[in-house]
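Coordinate inspection notes
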Amino acid sequence: MGKSVKIGMSNVGDGNPAYIVGEIGINHNGVIDLAKKLIDVAVTSGCNAVKFQKRTPELCVPEDQRNRMKQTPWGYITYMEYREKIEFGFEEFNEIDRYCRERNIDWFASCWDVEAVKFIEQYDVPCYKISSASLTDRGLLKALRNTGKPLVISSGMSTIEQIRGAVDFLGIDDLIILHCTSTYPCPVEELNLKMITTLKNEYDCPVGYSGHEIGLWPTVATTAMGVSFIERHITLDRAIWGSDQASSVEPHGFKKMVRSIRTIEKAMGDGKKKVY
């Protein structure tokens, strides 16, 4: 049995139920009331946590992208203006922190730069997520490791060499590795779920899955492969404006997915033959 990692009040690892995360990300479209509705869906679905994203636009947006024009709910504006409008600040995260405590659900964030880490450190989050696009950012990895919190790394945009480099740099203590494919939405033939087994065989730490496919069943299937952590994007309506909505799961589907995961966990048993 591999190592387990403590996230909040939950033990994540072999022998424990999968830790299920509703990834809100930027599906709130910069509206705190929409974020709270998504938290409600995660709670009623039976999720362990919700996840947000935190960026400092002036650090994260490349110079050549800043003045590109984009059609948004705020009109036809530059990409930089869009990134600033969709980014939650103190007021919104204070309300998220308060509301998640009220609803008794964990929340945390993926931080895309060191300033974002400093910002989220003001809150008592139980862990941090590292996006696959950040696995080669040694300054960011060091800042996140220095928080002393458990880290969850995604691997969607990474080669196996980049995954190994990040794990070597971070060490496997309090580390969870997620298999992922960063196509939004991802065709089923690109999901490569057997990579979960590859990661489990290579690393003595919990392995999970972050899915961007349309539908529920590939994600549910990972339960039988022994994943310890499952993350899917959550939305009120896949037709809402936003880059991640189409690869997200709506409320009814999210409840069905969580219920199916828990059913498969019960069905797995202990591998010892019994005559019933």
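Structure first, text after, so check above.
So, a few notes on the structure that sits alongside this text. (Residues numbered from 1 in each chain as written. Predicted model: local features only at pLDDT ≥ 70, side-chain atom pairs only at ≥ 80, totals over all residues. Heavy atoms only, no water.)

1. Some details on the environment of Ile240
What counts here: Runs of E in the DSSP output that reach at least two residues are strands. Runs of H or I that reach at least four are helices, and both are numbered from the N terminus. Three labels apply to residues, based on accessible area from a 1.4 Å probe with only protein chains included: buried if under 20% of the type maximum, exposed if over 50%, partly exposed otherwise in between. Pairs of residues are marked as contacts when any of their non-hydrogen atoms sit within 4.5 Å.
Checked against the element boundaries, Ile240 lands in the loop between β12 (229-233) and α11 (251-268). According to the relative accessible area criterion, Ile240 is partly exposed, its value standing at 26%. The residues touching Ile240, leaving out its near neighbours within four places in the chain, are Asn29, Thr235 and Gln245.

2. Observations concerning the sheet that holds strand β8 (residues 128-130)
To be explicit about the condition: For two strands to be treated as a pair, DSSP must find at least two bridges joining them. Here an angle of 0 to 180 degrees is reported between the N-to-C directions of two axes, which are lines fitted to C-alpha atoms, with helices fitted over the stretch in contact.
With respect to topology, 8 strands assemble into a closed barrel ordered β3-β4-β7-β8-β9-β10-β11-β12, the strand pairing being parallel. Taking each pair of neighbouring strands and ignoring which way they run, the sheet shows an average axis angle of 25°. Pairing of strand β10 (residues 175-180) with strand β11 (residues 207-211) involves 4 bridges; the strand directions are parallel. By the bridge assignment for β11, Ile177 is matched with Val207. Relative to the sheet, helix α7 (residues 138-145) contacts β7 (106-111), β8, β9 (151-154) and β10, its axis offset from that of β8 by approximately 165°.

3. A few points about the pairing of β10
Keep this limit in mind: Viewed with both strands pointing away, a crossover whose connecting path from the first strand over the helix to the second turns clockwise is right-handed.
Among the 6 residues in β10, 6 count as buried, and that is most of the element. Here β10 shows two buried faces, one formed by Leu175, Ile177 and His179 and the other by Ile176, Leu178 and Cys180. When β9 meets β10, the two strands line up parallel, connected through 4 bridges. Within the sheet, the bridge partner assigned to Ser154 lies in β10 and is Leu178. Crossover β9 to β10 through helix α8 (residues 160-170) is right-handed.

4. Details of the pattern of salt bridges
Short version of the rule: Here, a salt bridge means any Lys or Arg side-chain nitrogen found within 4 Å of an Asp or Glu carboxyl oxygen.
Scanning the entire structure with this criterion turns up 17 salt bridges. Of the charged contacts in the structure, one is a salt bridge between Asp173 and Lys3, with a shortest N-O distance of 3.1 Å. Taken as a pair, Asp173 in the loop between α8 and β10 and Lys3 in the segment before β1 (5-7) lie far apart in primary sequence, 170 residues in all. A relative accessible area of 52% means that Asp173 is categorised as exposed. Of the charged contacts in the structure, one is a salt bridge between Lys118 and Glu115, with a shortest N-O distance of 3.2 Å. With Lys118 and Glu115 both in helix α6 (residues 114-120) and 3 residues apart, this pair spans about one turn of that helix. One connected set of salt bridges, linked through shared partners, spans Lys36, Glu95, Arg98 and Glu102.

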